[in-house]
2 protein chains.
Amino acid sequence: MKRDDFDTWSMVELDAVEAALDAWVPRDAPADLGEAMRYAVLDGGKRLRPLLVLAASLSVHGHRDAALRASCAVELIHAYSLVHDDLPCMDNDVLRRGKPTVHVRYGVAQAMLAGDAMQALAFEVLTPPGDVVAPALQARLCGLLARAAGGAGMAGGQAIDLASVGLPLDEQGLSDMHRRKTGALLQASVLMGASCGTTTTSQWLGLAAYGEAIGLAFQVVDDILDVTQASATLGKTAGKDLDSNKPTYVSVLGLDEARHRADQLRRAAHAALASSGLGDVRGLAVLADRVVDRDN
Amino acid sequence: MKRDDFDTWSMVELDAVEAALDAWVPRDAPADLGEAMRYAVLDGGKRLRPLLVLAASLSVHGHRDAALRASCAVELIHAYSLVHDDLPCMDNDVLRRGKPTVHVRYGVAQAMLAGDAMQALAFEVLTPPGDVVAPALQARLCGLLARAAGGAGMAGGQAIDLASVGLPLDEQGLSDMHRRKTGALLQASVLMGASCGTTTTSQWLGLAAYGEAIGLAFQVVDDILDVTQASATLGKTAGKDLDSNKPTYVSVLGLDEARHRADQLRRAAHAALASSGLGDVRGLAVLADRVVDRDN
């Protein structure tokens, strides 16, 4: 898949993801809850995780409906984590994806509930009635997602983040935090996509290594963008980490070394794909470049 | 099962639930997160939902390991909902199960994260690696739990609750709220237990009707206890709903009529069990009485 082909493919896939989220995130959840959930997840975001699921599934000739459900489920978990992360008790952020954050628009309590309901909805989406998705695959996808979202994954990373403000984390501590906080869900996106088809052990390990590398690269680049980009480009408040005295790859390594690290990780991701022995990994290859080359 | 037999059975089962939760709620989740999760879920609560799962499973000769996992998963969802419900942005409660609430002990941000991680953990517990629980059953349990916890269930009920303060809800509006807020998870407990074995359609429908009746009865009794019991007996702040001008069955129906309604629902639950055609429903029958006769 060349970059132009990728652009066409990803445009088609993203339309499918938007349509599926539009159908699955309920309009009719009571008392503004559905509205708050839809505000949080529709029409926004880069949809990197859904694309990773779908590209990984493509590389293993995976089940299309299962991969679409997995891609929406991962995005729901990601979107819920942003809603909770933006709350006053956490980052207290007012701008996200260029719009007022959910709690600014709907109130703190409703934002918390919307996040809670979005986490549950992710598992609803993965467990459709009937056999649209084979029950064993449903169980596997639920297991991968739950582990990436929970205490050993995303929520655990957030807890370290919370505890680390003002503390002198070294690169190892920082990596451990980000492997959980953002890396686990990015890697799970790849592995959930891979689960929609069949893989050999070495293909699976190659995809796992790819997922780990881009997961970390994503955060290194996030930290770089936080100091080099304006809020308007990012769609969220820039310079936030610096202001709140949080350790970042830039504060720990310096800007040049952080850029070098991002490039190392990009190369590691490509190497993992090459070693996986999978046929068509071009979508995943382009996504690795996207993760590093993005400006928001 | 006579009441004495039930007491023996439930004591053994509750020990198993405590041991399983102790094993499955991680000590080592980072930065106090595991500690906060354990504080929220261990050594406390009536464990009504786990007992419903296990009694329903017993009535259908269900798979023991699956039922134990389902019972812990339901309790994790229940416990997480209490943690979030107690937060300052929601009920702002400081006492729960006779102890300071999680946010009082660990801070608001950590309490929110602990709740988030507990929801994820519920789905981790339902999806063990390997075939301890048949994958199709894992998928079914995840689906039932997710739907009971999400926008159409518990979180949706909380949203109505939030929006209803000071509003003149009638009994129908109140029932709709509670069917979602507490009823959905209580009914799901019964149906998850039933899923661990095999049922005919009429058995399934009987258990669903039983679950619905006790779900509503539970809330009616909760509202009665809120005005008749002291905080020390309840283990949480009494009179809270009245103070916060929330509609309750007592405020809508009056105390006598609310008591009458609880008794009607108890009888409906017993009738549903009798009509189900299931062999041994005595555990479920005792639990229906417990729901109505409890004093905390």
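In what follows, the structure referred to is the one given above.
Residues numbered from 1 in each chain as written. Chains lettered and ligands numbered in written order. Predicted model: local features only at pLDDT ≥ 70, side-chain atom pairs only at ≥ 80, totals over all residues.

Another point: the nonpolar core. Within the largest apolar cluster, 203 residues are counted, with the highest numbers of intra-cluster contacts made by Leu145 of chain A together with Leu145 of chain B. Residues in contact with Leu145 of chain B, not counting those within four places in the same chain, are Ala73, Val74, Ile77, Ala122, Leu126, Ala188 and Met192 of chain B. (Core = buried A, V, L, I, M, F, W, Y, C linked by C-beta atoms within 7 Å. Buried ≥ 20, exposed ≤ 12 C-beta atoms within 10 Å, placed from the backbone. Contact = placed C-beta atoms within 7 Å.)

Residues and elements named next belong to chain A. Burial of helix H2 (residues 33–41) is extensive: seven of the nine residues sit out of reach of the surface. All of the buried residues in H2 are Leu33, Gly34, Ala36, Met37, Tyr39, Ala40 and Val41. Asp43 occupies a position one or two residues after H2 and carries a positive phi of about 55°. (Helix = DSSP H or I, 4+ residues; strand = E, 2+ residues; numbered from the N terminus.)

For the rest of this paragraph, the subject is the relation of the copies chain B and chain A. For these two chains of identical sequence, chain B goes onto chain A by a turn of 180° and a shift of 0.0 Å along the axis, with RMSD 0.0 Å. Taken together, the rotation angle and the small translation identify this as a two-fold axis. Relative to the rotation axis, the C-alpha of Ala139 of chain B is the closest in chain B, positioned 2.3 Å from it. Interface overlap between copies: 100% of the residues of chain B at the interface are likewise at the interface in chain A, consistent with a symmetric, same-surface contact. (Least-squares fit on C-alpha atoms with pLDDT ≥ 70 in both.)

Let us look at the environment of Ser57 of chain A. Residue and element names in this part refer to chain A. Considering the arrangement of structural elements, one finds Ser57 in helix H3 (residues 48–59). Through-space distance from the C-alpha of Ser57 to that of Leu191 is 8.7 Å; in sequence the pair is 134 residues apart. In this structure Ser57 touches Gly62, Ala67, Gly193, Cys196 and Gly197, once residues within four positions along its chain are discounted.

As a further point, take the interface of chain B and chain A. Counting residues at the interface gives 43 residues for chain B and 43 residues for chain A. Counting only elements with at least two residues in the side of chain B that touches chain A, the list comes to helix H2 (33–41), helix H6 (108–126), helix H7 (135–149) and helix H8 (154–164) of chain B. With 12 residues, H6 of chain B is the largest single contributor of residues to the side of chain B that touches chain A. By residue class, the composition of the side of chain B that touches chain A is 28 nonpolar, 11 polar and four charged. (Nonpolar A, V, L, I, M, F, W, Y, C, P; charged D, E, K, R; others polar.)

Right, let's get into unusual backbone geometry. Negative phi is the rule for most residues except glycine; trans is the rule for most peptide bonds. Residue and element names in this part refer to chain A. Here Asp32, not a glycine, exhibits a phi torsion of approximately 75°, which is positive. For Asp32, the location among the structural elements is in the loop between helix H1 (3–24) and H2. Look at His61: it is not a glycine, yet its phi comes out positive at around 50°. As for its placement among the helices and strands, His61 is situated in the loop between H3 and helix H4 (64–85).

Our focus in this paragraph is the packing of helix H6 (residues 108–126) of chain A against H6 of chain B. Interaxial distance between H6 of chain A and H6 of chain B falls to 11 Å at its minimum, and their mutual angle equals 15°. For the element pair H6 of chain A / H6 of chain B, the angle class is roughly parallel. As for how H6 of chain A packs across H6 of chain B, the hand of that crossing is right-handed. Counted together, Met112, Asp116, Gln119 and Phe123 of chain A of H6 of chain A and Met112, Asp116, Gln119 and Phe123 of chain B of H6 of chain B form the full contact between these two elements. (Axes fitted to C-alpha atoms, helices over the stretch in contact; angles between N-to-C directions. Parallel < 35°, antiparallel > 145°, perpendicular 65-115°, else oblique. Left-handed = near helix turned anticlockwise from the far one by under 90°.)

This part takes up the packing of helix H8 (residues 154–164) of chain A against H6 of chain B. Their axes nearest at 9 Å, the elements H8 of chain A and H6 of chain B cross at an angle of 165°. Relative to H6 of chain B, the element H8 of chain A is oriented roughly antiparallel. In the packing of H8 of chain A onto H6 of chain B, the handedness of the crossing is left-handed. Between H8 of chain A and H6 of chain B, the contacting residues are Ala155, Gln158, Ala159 and Leu162 of chain A on the first element and Ala109, Gln110, Leu113, Asp116, Ala117 and Ala120 of chain B on the second. Here the contact of H8 of chain A with H6 of chain B is built from residues that sort into seven nonpolar, two polar and one charged.

A word on the environment of Ser276 of chain B. All names here are of chain B. Its location among the elements puts Ser276 in helix H14 (residues 255–276). Separated by 142 residues in sequence, Ser276 and Ala134 place their C-alpha atoms 26 Å apart. Those residues within four positions of Ser276 in sequence are excluded, and the remaining contacts are Ser202, Gln203, Gly206, Leu207 and Val281.

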